[in-house]
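Per-entry structural report
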Number of protein chains: 2
Amino acid sequence: MKLSTKGRYAVTAMMDLAIHDREGPVTLADISHCQGISLSYLEQLFAKLRRAKLVEGVRGPGGGYRLGKPSHQISVADIIIAVDETIDNTKCQGLKDCNGGNKCLTHKLWADLSDRLFEFLDGITLSEFISRPEIKTISRRQDTTASRIANMFPPNAIAS
Amino acid sequence: MKLSTKGRYAVTAMMDLAIHDREGPVTLADISHCQGISLSYLEQLFAKLRRAKLVEGVRGPGGGYRLGKPSHQISVADIIIAVDETIDNTKCQGLKDCNGGNKCLTHKLWADLSDRLFEFLDGITLSEFISRPEIKTISRRQDTTASRIANMFPPNAIAS
DNA sequence: TCAAATCCCGACTAATTTGCTGGGTATTAT
DNA sequence: ATAATACCCAGCAAATTAGTCGGGATTTGA
């Protein structure tokens, strides 16, 4: 379980998708512009999110990305693990007998802590964020080509 | 709030200190040997922990590090923040008006999530780990010079 | 059909972080 | 005095992070 700016980028981008999910796909250009992340870097992150089935891409004009599952099935832990590709580094680095025959105790304690953290983050889903009252008032973007196109084609025009 | 191997090293090292607190100072050489971290890297981490008053150093032979406060006053969040020097990167990177005059919403949502995570980790203190039943059986080290010296000089011989 | 919008992909570069090496100095128990 | 230890620091190498570049491939509107 790792938590870096990379994970933060992914989580905030996914929040963006969840908030605007009803309006059809969100373009990476929008997210790039909004959150100040480079487009290609976002593409790399979304490639991982796509492989983890957390998002799905829609090609062509008016396309973009949308959530790959209902928002209540996507947890913060899911997102972070998808982009961070956590290798298992909780095992004792070749030093198992450092306490007189017992396995390294602190590693076990850390593993326990790490598990608790994972459970905590796994219990928080994207649906929590879109259910807030302050979301609805600003759920429609302005000043971007994508939103203009989206306005021409309301959500129900795009098959799910 | 960042969570990397650096933070993990610091937390496990602090667990080590907490577990062996009754036996006098723990040397960095011990931790280095036990957890497979280089001595100098540990020195860097402990310099930060010391500045944050989480540990205090005892110089000279038989010295080492001990906790700077009672274990129930040291949270996991304290340790991670001490070594990671979290700069405030939650603010909108120069792009405040990305939602039609409103502040960037996802940044607020992330800040909320980050706060919850902090509270979670701040609620876990080192005292939780030393109160476990499996600790007492292995609370005394073997095979190290430091422990032999420590045995010669029981804890009460070292003024706090 | 054609061009635009967009996802997709791989390689490259720059910045930052991580972790280590190796040299010191200060303090203190013996 | 000597050895053990904390403490300090400059620099270096590897890994990771972040971003760039240049090209596709696919879908859609005109």
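Placed above this text is the structure.
The present account deals with the structure reproduced in this document. (Residues numbered from 1 in each chain as written. Chains lettered and ligands numbered in written order. Predicted model: local features only at pLDDT ≥ 70, side-chain atom pairs only at ≥ 80, totals over all residues. Heavy atoms only, no water.)

Comments concerning the overall build of chain A
Note the following rule: Numbering of helices and strands starts at the N terminus; helices are DSSP runs of H or I of at least 4 residues and strands are runs of E of at least 2. Each residue gets one of three labels from its accessible area relative to the maximum for its type: buried under 20%, exposed over 50%, partly exposed in between, using a 1.4 Å probe on protein chains only. The criterion used for residue contact is that any of the two residues' heavy atoms lie within 4.5 Å. In this description, accessible areas are obtained by the Shrake-Rupley approach with a 1.4 Å probe, and a residue is regarded as covered only by the protein chains that are shown.
Each helix and strand counted, chain A has eight helices and two strands in total. Seen in sequence order, chain A has helices and strands lined up from the N terminus as α-α-α-β-β-α-α-α-α-α. Of all 160 residues assigned to chain A, the portion counted as buried reaches 48%. Contacts in chain A between residues at least 24 apart in sequence constitute 66% of all its contacts with a sequence separation of at least 6. About 8100 Å² of surface is accessible on chain A, with carbon and sulfur atoms providing 51% of the total.

Details of the packing of helix 5 (residues 105-122) of chain A against helix 1 (residues 5-19) of chain B
Helix-helix packing is described using two parameters, namely the angle between the two axes and the distance between the axes. As a reminder of what qualifies: An axis is simply a line fitted to the C-alpha atoms; with a helix, the fit covers only the stretch in contact. Between two such axes, the angle follows the N-to-C directions and lies from 0 to 180 degrees. Roughly parallel means an angle under 35 degrees; roughly antiparallel, over 145; roughly perpendicular, 65 to 115; everything else is oblique. For a crossing to be left-handed, the near helix must be turned anticlockwise from the far one by less than a right angle; the clockwise case is right-handed. Side-chain classes follow a simple rule in which Ala, Val, Leu, Ile, Met, Phe, Trp, Tyr, Cys and Pro form the nonpolar group, Asp, Glu, Lys and Arg form the charged group, and the remainder, Gly included, forms the polar group.
The interhelical angle for the contact between helix 5 of chain A and helix 1 of chain B, taken along N-to-C directions, is 120 degrees, at an axis separation of 9 Å. The angle between helix 5 of chain A and helix 1 of chain B places the two elements in the oblique class. Once helix 5 of chain A is placed against helix 1 of chain B, the crossing between them reads as right-handed. The segment helix 5 of chain A lies against helix 1 of chain B, with A:L105, A:T106, A:H107, A:L109, A:W110 and A:L113 engaging B:R8, B:V11, B:T12, B:M15, B:D16 and B:I19. For the contact of helix 5 of chain A with helix 1 of chain B, a count of residues per class yields seven nonpolar, three polar and two charged.

Focus: the pattern of salt bridges
All names here are of chain B. Stated formally: Salt-bridge detection follows one rule: a side-chain nitrogen of Lys or Arg within 4 Å of a carboxyl oxygen of Asp or Glu.
For the coordinates displayed, the defined rule picks out four salt bridges over all chains. Its salt-bridge partner being D112, residue K108 comes within 3.4 Å of it at the nearest N-O pair. With a gap of four residues between them, K108 and D112 both fall in helix 5 (residues 105-122), about one helical turn apart.

Details of the protein's contact with DNA strand D
Quick note on the threshold: Nearness here has a simple test: a residue counts as near a molecule or strand if at least one of its heavy atoms is within 4 Å of that partner. Polar contact criterion, stated in full: a pair of N or O atoms within 3.5 Å, where within protein one must be able to donate a hydrogen and the other to accept it, and residues adjacent in sequence count only if both atoms are side-chain atoms.
Around DNA strand D sit 25 residues in total, of which A:T5, A:S40, A:R59, B:R50 and B:Y65 are the nearest. The sugar-phosphate backbone supplies 67% of the atoms of DNA strand D found within 4 Å of the protein. Contact distances for DNA strand D include 2.3 Å between a sugar or linking oxygen and a side-chain N or O atom of A:R59. Where the surface near DNA strand D is concerned, the elements lending two or more residues are helix 1 (5-19) and helix 3 (39-51) of chain A together with helix 3 (39-51), strand 1 (55-58) and strand 2 (64-67) of chain B. For the surface near DNA strand D, the residue count by class is 10 nonpolar, nine polar and six charged.

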